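# Topology and contacts: notes
Listed here are the chains, written in short residue letters.
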Amino acid sequence: MAGDGEVEVDELCSYAVDAWVADPAILTDEPALLRLLTDAALAGNAKVLGESRHVFPNGAVTAVLVLSQSHLSIHTWPEFNLANIDLLAYGRINAERMIATIEAGLSPVRTNVSRLLRATK
């Protein structure tokens, strides 16, 4: 295991981010959210293999990028001003940079970030 909060290349790590925003308009903007996920993947040196998305009747969005290293997803709850972001990261990607890119794009007023090292052996 790496020291000083760094994740080693062979470690598998899950990130769960809850981001509350002041203006829920971003939470219903499916093209902007997909662009944000793609920008985050690029910032973290992740390779995008595919994508899927769905807009619900209330405007909420679910979008998922399938990465060669795993996946990155966002689920929005405009009625709560909330976005839930999930990232499963493995290999030579910078998950911290990916999360920072998403946070910058959402401009949250409050966030909760959980990181969990996953077993690979």
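Residues numbered from 1 in each chain as written. Predicted model: local features only at pLDDT ≥ 70, side-chain atom pairs only at ≥ 80, totals over all residues. Heavy atoms only, no water.

In the nomenclature of an unreviewed UniProt entry, the protein chain corresponds to S-adenosylmethionine decarboxylase from the organism Allokutzneria albata. What the UniProt record of the protein chain gives under Cofactor (unreviewed entry) is the line "pyruvate". (UniProt positions renumbered as here; feature names shortened; annotations may be inferred.)

### What about the sheet that holds strand 4 (residues 70-77)?
Sheet architecture is open: 6 strands sit in the order 2-3-4-5-1-6, paired in antiparallel fashion. In this open sheet, the two strands that pair with only one neighbour each are strand 2 (48-55) and strand 6 (108-118). Pairwise comparison of adjacent strand axes, ignoring direction, gives a mean angle of 10° for this sheet. Relative to strand 6, strand 1 (residues 12-21) runs antiparallel, the two sharing 10 bridges. Within strand 6, the position partnered with Trp20 by the bridge is Arg110. Across the sheet, helix 1 (residues 30-43) touches strand 2, strand 3 (61-67) and strand 4, and the angle it forms with strand 3 is around 25°. (Pairing = 2+ DSSP bridges. Helix = DSSP H or I, 4+ residues; strand = E, 2+ residues; numbered from the N terminus. Axes fitted to C-alpha atoms, helices over the stretch in contact; angles between N-to-C directions. Contact = heavy atoms within 4.5 Å.)

### Considering helix 2 (residues 95-106)
For helix 2, built from 12 residues, the straight-helix expectation of 16 Å at 1.5 Å per residue is met to within 8% by its first-to-last C-alpha distance of 17 Å. Burial in helix 2 covers these residues: Ala95, Met98, Ile99, Ile102 and Leu106. Looking straight down helix 2, one finds that the buried residues subtend no more than 95° of arc, so they occupy a single side. The inward-facing, buried residues of helix 2 abut strand 1, helix 1, strand 3, strand 4, strand 5 (82-90) and strand 6. Between a side-chain oxygen at the N-terminus of helix 2 and the backbone nitrogen of Glu96 the separation is 3.3 Å; the capping residue is Asn94. Immediately beyond the C-terminal end of helix 2, within one or two residues, lies Ser107, with a positive phi of roughly 50°. (Expected span 1.5 Å × (residues − 1). Buried < 20%, exposed > 50% of the residue type's maximum accessible area, 1.4 Å probe, protein only. Arc of directions from axis to C-beta. Polar contact = N/O pair within 3.5 Å; in protein donor to acceptor, adjacent residues only side chain to side chain.)

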